[in-house]
Amino acid sequence: MDALVDALHANGLRLIVDASFNHCHPGFFAFADLLEWGPDSDYASWFVVEDWPPRVVWRPEAMAAAGFRDPDTYREYLREFAATSGVEVVEADDEGPVIAPTYEAWYGVPSLPRIDLSDPGARAYFLEVARHWVAEHSIDGWRMDVARYVDFDFWPEFRRAVKEASPDAYLLAEIMGDATVWLQGDTFDATMNYTFRQVALDFLATERIDGATAADALVRMYAALPPAVADVCQNLIGSHDTARFLHEAGEDADRLLLATVLQMTLPGAPGIYYGDEVGMSGGEEPASRGAFPWHDEAAWDGRQLEAVRHLGRMRLDRPALRTGRLSIVHAGGDLLVYTREGDGERLLVVVDRRGGTSVEVALEASEPEVLFGEGTCVPVEGGVRVSAADPGALIARL
């Protein structure tokens, strides 16, 4: 790990470790000890066992009624799970759930026993884990899985432990829905912004909303967050837990490119899910988790890759795209037009899901310059007239 961190840092990259403190594998030392020693285990209080010994009750006769699509595969999984985890799987023919661990598990999944972080010993251990990897191995932060399902009062202690080791460490929470309670400065620095993803999907992939509604949704989203928080929340359009954006957009590569422009130019930290930069597609998991096509470079979307590179360089070179003030100057129909202004520069961004629409906006500019995309941005009386040619994205310096 140290060699990896050193190599990344030498190349200007940072390492955020993804972890869950909500649950573990049965092979985790504390749960394994519990399996061996039962209630006498030193770690028995780290977990919630509803009926000893810890086991999984399986009701095979109920599988069909419960809608299991592939019962044979699940039977094989349970056999392998019992053989490798040390957790006994017992069959039952009484009433009850098809799969019922006698210990608390994340969403009832047998292989994910829930860790009870209200227990002082468990809490102290995981606070030390959080501190150790930052202080002793120089990782640059944590991305915490299913943060919503961890005892809330754990997170302020987690933040203190990490920030004492490295004040600049980045703490990112995976929380779908309203995450504002986790973004008050006492727990996480940022969240994976699934609200942003939904706006991008609804406006660009499915066209459930028009530009005006998209603008309203963005205003509401940003109004709920302090600017310093909004600037570091992860703008994502897909992840390992969702279908890929290209799939959602009906394999329309133009719409993926437009969504990428939103990611790169609206307030927030762009979170590029691996493969989106070359146009990977895939529906719900596991299809969204396919291997990166290193072996088939001919299948890469070269235009998309170049756009990601170009937009990434622009964000690095132009602070207005990272921390500039956002102003939506036109929104309606197929159009969303906004500016980012800061550090002595004002940039105009046009996202037009049809491409070629001409619109005038009341912004002064004597010599506008197109920095990204094809189209025009010319001065007119009282402002500028702008049009983004296919695929419908343009960025200009005013």
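Relevant structure appears above.
Every value quoted in this text rests on a predicted model; they were computed, and no experiment measured them.

A. Spatial organisation of the pairing of strand S6 (residues 170-173). Direction of pairing for strand S5 (residues 141-144) relative to S6: parallel, over a ladder of four bridges. Each bridged residue has a counterpart across the sheet, and for Arg143 the counterpart in S6 is Leu172. Between the parallel elements S5 and S6, the chain passes through helix H5 (residues 154-165) in a crossover that is right-handed. Pairing analysis gives two bridges linking S6 to strand S7 (residues 190-193), with the strands arranged parallel. Across the sheet, Leu172 pairs through a bridge with Ala190, a residue of S7.

B. Quick peek at the sheet that holds strand S16 (residues 383-388). In spatial order, the strands read S13-S16-S15; together these three strands make up an open sheet with antiparallel pairing. Two strands bound the open sheet, and with one partner strand each, they are strand S13 (358-361) and strand S15 (375-380). Strand-to-strand, the axes of this sheet are offset by a mean angle of 20°, without reference to chain direction. Bridge analysis of S15 against S16 gives six bridges, and the strand direction is antiparallel. Along S16, the bridge assignment pairs Val380 with Gly383.

C. Spotlight on the side chain of Glu345. Within the secondary structure, Glu345 sits in strand S12 (residues 345-352). Excluding residues that lie within four positions of it along the chain, Glu345 makes contacts with Arg318, Ala320, Arg340 and Arg397.

D. A look at the environment of Val90. Counting through the fold element by element, Val90 comes out in strand S3 (residues 88-91). Residue class for Val90 comes out partly exposed when judged on its relative accessible area of 22%. For Val90 and Arg55, which are 35 residues apart along the polypeptide, the C-alpha to C-alpha distance reads 7.3 Å. Discounting residues that sit within four places of it in the chain, Val90 has contacts with Arg55, Val56, Val57 and Trp58.

E. Summary view of the packing of helix H4 (residues 120-135) against H5. Viewed as axis vectors pointing N to C, H4 and H5 meet at an angle of 30°, and their least axial separation amounts to 8 Å. Taken as axis vectors, H4 and H5 run roughly parallel relative to one another. Remark: the crossing between H4 and H5 carries right-handed chirality. Judged by residue contacts, Arg123, Phe126, Leu127, Ala130, Arg131, Val134 and Ala135 of H4 engage Phe154, Glu157, Phe158, Ala161, Val162 and Ala165 from H5. Residues belonging to the contact of H4 with H5 are distributed by class as follows: ten nonpolar, no polar and three charged.

F. Molecular detail of the packing of aromatic side chains. Throughout the structure, instances matching the rule amount to 31 aromatic pairs. Between Phe21 and Phe154, the ring centres sit 6.2 Å apart and the planes meet at 75°, which makes this aromatic pair edge-to-face. Here Phe21, found in the loop between strand S1 (17-19) and helix H2 (29-37), pairs with Phe154, found in helix H5; they are 133 residues apart in sequence, far enough to count as distant. Like Phe154, Phe21 is buried. The ring of Tyr274 is capped by Arg244, whose NZ or CZ atom sits 4.8 Å from the centre of that ring.

G. Focus on the packing of helix H6 (residues 194-205) against helix H10 (residues 253-265). Two elements in contact, H6 and H10, have axes separated by 10 Å at closest approach and are oriented at 145°. The chirality of how H6 crosses H10 is right-handed. In this structure, H6 uses Phe196, Ala200 and Leu204 to contact H10, whose residues at the interface are Arg255, Leu258, Ala259, Leu262 and Gln263. Residue composition of the contact of H6 with H10, by class: six nonpolar, one polar and one charged.

H. Local environment of the environment of Pro270. Tracing the backbone shows Pro270 in strand S9 (residues 269-271). Put simply, Pro270 and Ile237 are 33 residues apart on the chain and 9.1 Å apart in space, counted from C-alpha to C-alpha. Setting aside residues no more than four positions away along its own chain, Pro270 makes contact with Asn235, Gln263, Met264 and Arg315.

I. Structural view of the nonpolar core. Phe21, Trp142, Phe158 and Phe245 are the most contacted members of the largest nonpolar core, which has 99 residues in total. When residues of this core are assigned to their parent elements, the largest contribution, eight residues, is made by H6. Not counting chain neighbours up to four residues away, the residues in contact with Phe245 comprise Ala200, Leu201, Leu204, Ala205, Ile237, Arg255, Leu256 and Ala259. One finds Leu348, Val359, Val361 and Val386 within the second-largest nonpolar core, a separate group that totals 15 residues.

J. Here's a closer look at the sheet that holds S7. In spatial order, the strands read S1-S5-S6-S7-S8-S9; together these six strands make up an open sheet with parallel pairing. At either end of the open sheet lies a strand with only one pairing partner, and these are S1 and S9. With direction set aside, neighbouring strand axes in the sheet form an average angle of 25°. Sheet topology places strand S8 (residues 234-236) next to S9; three bridges connect them, and they run parallel. Following the sheet pairing, Gln234 is matched in S9 by Ala269.

K. Structural view of the pattern of salt bridges. Tallying each qualifying case throughout the model produces 29 salt bridges. Linking Glu128 and Arg131 is a salt bridge whose minimum nitrogen-to-oxygen distance equals 2.8 Å. You can see Glu128 and its partner Arg131 sitting in helix H4, three residues apart, about one turn around the helix. For Glu128, a relative accessible area of 37% translates into the label partly exposed. Under the relative-accessibility criterion, Arg131 is labelled partly exposed at 27%. Here Glu345 ties to Arg318 by a salt bridge, and the two come within 2.3 Å at their closest N and O atoms.

What counts as what
What you see as residue numbers is a count from 1 along each chain, following the sequence as written. Only residues with pLDDT of at least 70 get local features here, since the model is predicted, and only at 80 or more are side-chain atom pairs given and counted; chain-wide, interface and lining totals rely on the full set of residues. Only hydrogens and water are set aside when side-chain values are computed; all heavy atoms of the structure are taken into account. Two strands qualify as a pair provided DSSP detects at least 2 bridges between them. Numbering of helices and strands starts at the N terminus; helices are DSSP runs of H or I of at least 4 residues and strands are runs of E of at least 2. We call a crossover right-handed when, viewed with the strands running away from us, the connection from the first strand over the helix to the second turns clockwise. To obtain an axis, a line is fitted to C-alpha atoms, over the contacting stretch when the element is a helix, and the angle between two such axes runs from 0 to 180 degrees between their N-to-C directions. Whether two residues are in contact is decided by their heavy atoms, any of which lying within 4.5 Å being enough. Whether a residue is buried, partly exposed or exposed follows from its accessible area with a 1.4 Å probe, protein chains only, as a fraction of its type maximum: under 20%, in between, or over 50%, in that order. Roughly parallel means an angle under 35 degrees; roughly antiparallel, over 145; roughly perpendicular, 65 to 115; everything else is oblique. Left-handed is the label given to a crossing in which the near helix is rotated counterclockwise from the far helix by less than a right angle, and right-handed is the label when the rotation is clockwise. Amino acids are sorted into nonpolar (Ala, Val, Leu, Ile, Met, Phe, Trp, Tyr, Cys and Pro), charged (Asp, Glu, Lys and Arg) and polar (every other residue, Gly among them). Two aromatic rings, drawn from Phe, Tyr or Trp (for Trp, its six-membered ring), form a pair once their centres lie within 6.5 Å of each other, and the interplanar angle then sorts them: stacked below 30 degrees, edge-to-face above 60, tilted otherwise. Note on criteria: charge over ring means Lys NZ or Arg CZ within 6 Å of the ring centre, with the direction from the centre no more than 35 degrees off the ring normal. Take the buried Ala, Val, Leu, Ile, Met, Phe, Trp, Tyr and Cys residues and link them wherever side-chain atoms come within 4.5 Å; each set so joined is a nonpolar core. Whenever a carboxyl oxygen of Asp or Glu lies within 4 Å of a side-chain nitrogen of Lys or Arg, that contact is scored as a salt bridge.

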